[in-house]
There are 2 protein chains.
Amino acid sequence: MAATIYPDYPPALTSDQSGYLLSNLKDWSILNGLAVRPSPAFVSREIDPSGSLAVTAPLTLFPSLFPRVCFDEARAIQTGYNELYAAIAGDETWLKEIVEEIAQVDEFIAKLWQVHLAVKREGYTQDLSLGLFRSDYMVHRDPLNSAAEPQIRQVEFNTIASSFGGLAAKVSALHRHLLQIQAFPPTQLDLITANNLPDNLSVQSLSRGLATAHKAYGNCVSEPNRPLCILFIVQSPENNIFDQHALSNELWTNHGIPTFRVAYGNILRHTSVAHSFPTRPLIYSPPNLPSSYEVTTCYFRAGYSPAEYPDDTAWSARLHLERSAAIKCPSILTHLAGSKKIQQILATPSSTYLERFLARSRAISDTTAVASRIRATFAAMYPLDSSPAGRHAASLATSPHESAAYVLKPQREGGGNNIYGTKIPAFLKSLGDDELKWKGYVLMELIEPPSLRNTIFRNGEVKSGEVIGELGVYGVCLWRNGKDKHKDKVEILENFEAGHLLRTKGRESEEGGVAAGFGSVDSVCLIEI
Amino acid sequence: MAATIYPDYPPALTSDQSGYLLSNLKDWSILNGLAVRPSPAFVSREIDPSGSLAVTAPLTLFPSLFPRVCFDEARAIQTGYNELYAAIAGDETWLKEIVEEIAQVDEFIAKLWQVHLAVKREGYTQDLSLGLFRSDYMVHRDPLNSAAEPQIRQVEFNTIASSFGGLAAKVSALHRHLLQIQAFPPTQLDLITANNLPDNLSVQSLSRGLATAHKAYGNCVSEPNRPLCILFIVQSPENNIFDQHALSNELWTNHGIPTFRVAYGNILRHTSVAHSFPTRPLIYSPPNLPSSYEVTTCYFRAGYSPAEYPDDTAWSARLHLERSAAIKCPSILTHLAGSKKIQQILATPSSTYLERFLARSRAISDTTAVASRIRATFAAMYPLDSSPAGRHAASLATSPHESAAYVLKPQREGGGNNIYGTKIPAFLKSLGDDELKWKGYVLMELIEPPSLRNTIFRNGEVKSGEVIGELGVYGVCLWRNGKDKHKDKVEILENFEAGHLLRTKGRESEEGGVAAGFGSVDSVCLIEI
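Residues numbered from 1 in each chain as written. Chains lettered and ligands numbered in written order. Predicted model: local features only at pLDDT ≥ 70, side-chain atom pairs only at ≥ 80, totals over all residues. Heavy atoms only, no water.

Caption draft 1: Local environment of empty space enclosed by the protein. All names here are of chain B. Enumeration over the complete set of coordinates arrives at five cavities of 30 Å³ or more. Of the volumes computed, that of the largest cavity is approximately 70 Å³. In terms of lining residues, the largest cavity is bounded by twelve residues, among which Phe-66, Val-139, Pro-450, Leu-452 and Gly-469 are the most central. Counting residues per element, the ones that place at least two in the lining of the largest cavity are strand 4 (64-67) and strand 18 (461-481). Looking at side-chain class alone, the lining of the largest cavity contains eleven nonpolar, one polar and no charged residues. (1 Å grid on protein atoms, 1.4 Å probe; cavity = no way out; pocket = protein on both sides within 12 Å on 5 of 7 lines; lining within 4 Å. Points joined across faces, edges and corners; volume = space filled by probe spheres on them. Helix = DSSP H or I, 4+ residues; strand = E, 2+ residues; numbered from the N terminus. Nonpolar A, V, L, I, M, F, W, Y, C, P; charged D, E, K, R; others polar.)

Written as structure tokens, this is what we have:
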């Protein structure tokens, strides 16, 4: 795409231009909290034992070119995606089948399910669920038809701890600022214009989502009457802390809502469930204060990775929160709805689950049209099992020729690396004919993102070269789970698109260029294509 | 004061309270650009060659107690001070006498004067002057009368490069935020309340001052028609850069005014005077752009220290700006008006200059009342010369007993250290009877600031102990110099108080406490006293 149609993007810089751009980028980012704590590899603990240093977040110097048609479509279908995942999270019967199937290969999913079952036995006391979702896409161009319009292909749908919403809006603002101060040298094409740099309201929108849940919780139910708060469940240490503080700051400043942070490992120490009240309100007792708060909403920025559950205490903590009256963002079922297996089932060619789930929410009138637009964003995904789709997948994956168009991804959350293209047949051979091992993987159509160039500034290093961008669209959804005979219906209370994120990383290791995985936060410069 | 009346301030913290306060202080500061670049002593150049790290600015954990009566008075008289210094800068005849007297001992002042003379010969083309002033005070309590009300005593009046206005408002906001999130443990006295933490609009107000000058400049006079800009004349490198960017960011964002930064050493390289236009407009040619700007206002954040003028080129650069049509903040005469010698002349007991100068500005109706309030802020200052005041001073300064109440300060700008109290007689003896050497010093009444305690966070280190606070009040003044027979009149176009700053530093070296000079930015917690 860009490398062919816009080969001169981004424009080359003279040393004066580069100095001006970089110094303004470095200063503006710190002035506006577009920062991270430096990694220990960059600044050792001995130099900064109190952890008071910060550094410009990894950023691109230029906004990356992105087809407007793709950007608009990704944003337009976000509310449909929100409803889809709310409906999936609401269908316990269906989730049970899937979880039971993958429980054999994925202990993490199995344990999450057990948490749900335990709360179910006792009875859920909170029927509201909040999703702060992010749907991630790459631009795909049919490799066999270069005249075809670019399309978006979903990489994954995040239902827990979707990050970078606090920084994404600031990167968009940074690139607009750099445009305003003429840090981008004028070029003949004039691609970087205010019109092509869309607003990004991720900070306000995600915070509004949390504030909406906070209000929907209602009044304090415990006694004595306590103030209400939102609890951020976080990792510790957390280098990406300013991303999270952008939201808590907004909640304090513009919504007047108290927020606190609790490290995952401290949940049981600092929170309790008030058992004398039938709804089981969650009480947070700040270690620094004599008073306590009732928690309206638990916002998980931790707890998504198996490594965070080293022992039973970690699982007890999750159960403890799940059975409380606090609105969870996300609930266990919503967390499970985001598993790769679900994505694969939805994206399996010939599946009709999309229509089935979208029909569950009353807000969408034209289910078929929405389902078809969502389906158009799927890269085909196949299980490696004994189903017809699975047998077809096995034939593709073991073919030295056809495997080139696919990637093999582990089912297990947070488990291992992807296997690409023609390396797949040999890898599958190494698994032998152990059916269980094969079922641990999903075969996915490779997305062919266009060739782009950009310059990434990360930890003080500047690297230019070929990059790949991944667009994330945030979505906020607050819903009420159905009850009794309507128990697989969900009532959508709030549903909106909530800003976007472009992440850009080095395409592959190049001598002197952007190393693969040299990731950064970026913004879009929209192009007509 | 506080140590006696409020001995329990600031409150002691448990380790949980301290952890909560510090982590929020560290995070909020970076989120909001309340930062500095770390010094090379903290982070070496090898670790961060691109200079992309930042650190929380040196801050106090708590707002320091400050008598409300002193705070209110300091703010109330700022517009009077603004007019006073505008009038002094407008009285070339008077300045000439003083400069000629101190030229023998202060080459820097002499050279600044020569720049003025050179422009005067050619003819000034800009009759507007902008002052972004800061008047610094300490609280003084009469050591012989502990029942007396605390009063403010002026330490100095800054007419050039008054710094920290960009950070001061943010420290006030930080302490308010820490109050809001209950990071200050509740105490019986309840001193830290929203009511006692005044608003601080230094960022908006100082930026508004620059914007006012920018507008008052009028239209572009050079051809071809150029966009207008404000030029920040800066030091390089500058660790306190976010202080300056807070203002430039406000000018861009809320006034739509382009600002650029030019290192003092690059003035002649990047600016030129368009000589074909009689008013000599100043043209700035950004090295990164093909286009150029006409400069409405030169805002000096450099050029105030003799060390910045190592050679004739540096003086040529100052002359170059001074003779241009840009409004200078400050002009050479305004810069000179801020010299210590002027402060000393105003504060010499029995001087009537205050009334004389205040009568020059038409805005003040009751000159006598304003003069008397301003005079009440002076610590007595004496020349060490052959005048009656000088002879009196010599007798005080050489007395082993009476010298205890004084400090000896060098006249020369940026020259050497102060000599305190009973060390003065021996020091003067070491000068011999060289009259010129004696004239290089001013004898000033020692200000007796109250004992306070606070905790300072600086470069990741936390130190608690006795501290001294210095309140700065910012003032903005835009005036038009008189012409012809009104040439010593000034017409005040804009005059307002522009926020405040509390700087707090260790009172003296204490084992494990706040080391002397361990300075920080603070905010006031007002107390009735």
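Caption draft 2: Molecular detail of the side chain of A:Arg134. Within the element layout of this structure, A:Arg134 appears in strand 5 (residues 128-140). Dropping the residues within four chain positions of it, A:Arg134 is found in contact with A:Glu156, A:Phe157, A:Asn158, A:Ser162, A:Ser163, A:Gly472, A:Val473, A:Tyr474, A:Leu501 and A:Arg503. (Contact = heavy atoms within 4.5 Å.)

Caption draft 3: Local environment of the packing of helix 6 (residues 107-122) of chain A against helix 11 (residues 312-322) of chain A. Residue and element names in this part refer to chain A. Axis separation between helix 6 and helix 11 bottoms out at 9 Å; the angle between their running directions is 45°. Accordingly, the angle class assigned to the pair helix 6 and helix 11 is oblique. The way helix 6 lies across helix 11 gives a crossing that is right-handed. Each of Phe-108, Lys-111, Leu-112, Val-115, Ala-118 and Val-119 in helix 6 lies in contact with helix 11, whose residues at this interface are Asp-312, Trp-315, Arg-318, Leu-319 and Glu-322. Partitioning the contact of helix 6 with helix 11 into residue classes produces seven nonpolar, no polar and four charged. (Axes fitted to C-alpha atoms, helices over the stretch in contact; angles between N-to-C directions. Parallel < 35°, antiparallel > 145°, perpendicular 65-115°, else oblique. Left-handed = near helix turned anticlockwise from the far one by under 90°.)

Caption draft 4: Spatial organisation of the interface of chain A and chain B. At the junction of the two partners, chain A supplies 44 residues and chain B supplies 44 residues. Buried area between chain A and chain B, summed over both chains or domains, comes out near 3,900 Å², and the portion from carbon and sulfur atoms is 59%. The largest share of the area that chain A buries against chain B comes from A:Leu31, A:Trp252 and A:Asn288, three residues that together contribute 17% of it. Scanning the region where chain A abuts chain B turns up two salt bridges. Among the ionic pairs, B:Asp27 bridges to A:Arg37, the shortest N-O distance being 2.9 Å. Where chain A packs against chain B, one counts 15 residue pairs in polar contact (both at pLDDT 80 or more). Listed by contribution, the elements that provide at least two residues to the side of chain A that touches chain B are helix 2 (15-31), strand 2 (53-56), helix 7 (165-180) and helix 9 (241-255) of chain A. (Buried area = accessible area lost by both parts, 1.4 Å probe. Salt bridge = Lys/Arg side-chain N within 4 Å of Asp/Glu carboxyl O. Polar contact = N/O pair within 3.5 Å; in protein donor to acceptor, adjacent residues only side chain to side chain.)

Caption draft 5: Quick look at the relation of the copies chain A and chain B. The transform that puts chain A on chain B rotates by 180° and translates by 0.0 Å along the axis, for an RMSD of 0.0 Å. Taken together, the turn and the small shift mark the pair as related by a two-fold rotation axis. Of all interface residues in chain A, 100% are interface residues in chain B too; the two copies therefore contact each other through one and the same surface. (Least-squares fit on C-alpha atoms with pLDDT ≥ 70 in both.)

Caption draft 6: Representation of the sheet that holds strand 14 (residues 406-410) of chain A. All names here are of chain A. Taken together, four strands build an open sheet; the order of strands is 13-16-14-15 and the sheet is antiparallel. Where the open sheet ends on each side, the last strands, each with one partner, are strand 13 (381-383) and strand 15 (419-420). Pairing between strand 14 and strand 15: two bridges, direction antiparallel. When the sheet's bridge partners are listed, Leu-408 is paired in strand 15 with Ile-419. Those strands touched by helix 13 (residues 340-347) are strand 13, strand 14 and strand 16 (441-445), and its axis lies near 110° from that of strand 13. In this fold helix 16 (residues 388-397) packs onto strand 13, strand 14 and strand 16, with an angle of close to 105° to the strand it touches most, strand 13. (Pairing = 2+ DSSP bridges.)

Caption draft 7: Examining the domain arrangement of chain A more closely. Residue and element names in this part refer to chain A. Looking at chain A, the domain boundaries give domain 1 (2-379 + 456-527) and domain 2 (383-446). When each unit is reduced to the centre of its C-alpha atoms, the spacing between domain 1 and domain 2 is 28 Å. Each partner contributes to the interface: domain 1 provides 17 residues, whereas domain 2 provides 15 residues. Taken together, the two surfaces of domain 1 and domain 2 that pack against each other cover about 1,500 Å², and 53% of this comes from carbon and sulfur. Taken together, the connections running from domain 1 to domain 2 amount to one residue pair in polar contact (both at pLDDT 80 or more). Of all the elements in the fold, those that place two or more residues in the side of domain 1 that touches domain 2 are helix 6, strand 6 (151-158) and helix 13. Class assignment for the residues of the side of domain 1 that touches domain 2 results in six nonpolar, six polar and five charged. (Domains from an automatic or database assignment.)

Caption draft 8: Local environment of the pattern of salt bridges. Residues and elements named next belong to chain A. Applying the stated criterion across every chain, the model contains 44 salt bridges over all chains. For Arg-75, the salt bridge is made with Glu-497, and the minimal N-O distance between the two is 3.1 Å. With Arg-75 in helix 3 (residues 68-76) and Glu-497 in strand 19 (residues 490-506), this residue pair connects regions lying 422 residues apart in the sequence. Judged by its relative accessible area of 30%, Arg-75 is partly exposed. Ionic contacts of the salt-bridge type, sharing partners, join the residues Asp-127, Arg-480, Lys-483 and Glu-491 into one network. (Buried < 20%, exposed > 50% of the residue type's maximum accessible area, 1.4 Å probe, protein only.)

Caption draft 9: Representation of the nonpolar core. Counting 304 residues, the largest nonpolar core has A:Leu84, A:Ile88, B:Leu84 and B:Ile88 as the members making the most contacts within it. Not counting chain neighbours up to four residues away, the residues in contact with B:Ile88 comprise B:Trp94, B:Leu95, B:Ala337, B:Ile342, B:Leu346 and B:Phe357. (Core = buried A, V, L, I, M, F, W, Y, C linked by side-chain atoms within 4.5 Å.)

Caption draft 10: Local environment of the sheet that holds strand 13 (residues 381-383) of chain B. Residues and elements named next belong to chain B. The four strands lie next to each other as 13-16-14-15, forming an open sheet whose pairing is antiparallel. Of all the strands in the sheet, the pair left with one neighbour each is strand 13 and strand 15 (419-420). By the bridge criterion, five bridges tie strand 14 (residues 406-410) to strand 16 (residues 441-445) in an arrangement that is antiparallel. Counted as the bridge partner of Lys-409 is Val-442 from strand 16. Strands strand 13, strand 14 and strand 16 of the sheet are contacted by helix 13 (residues 340-347), whose axis makes an angle of about 110° with strand 13.

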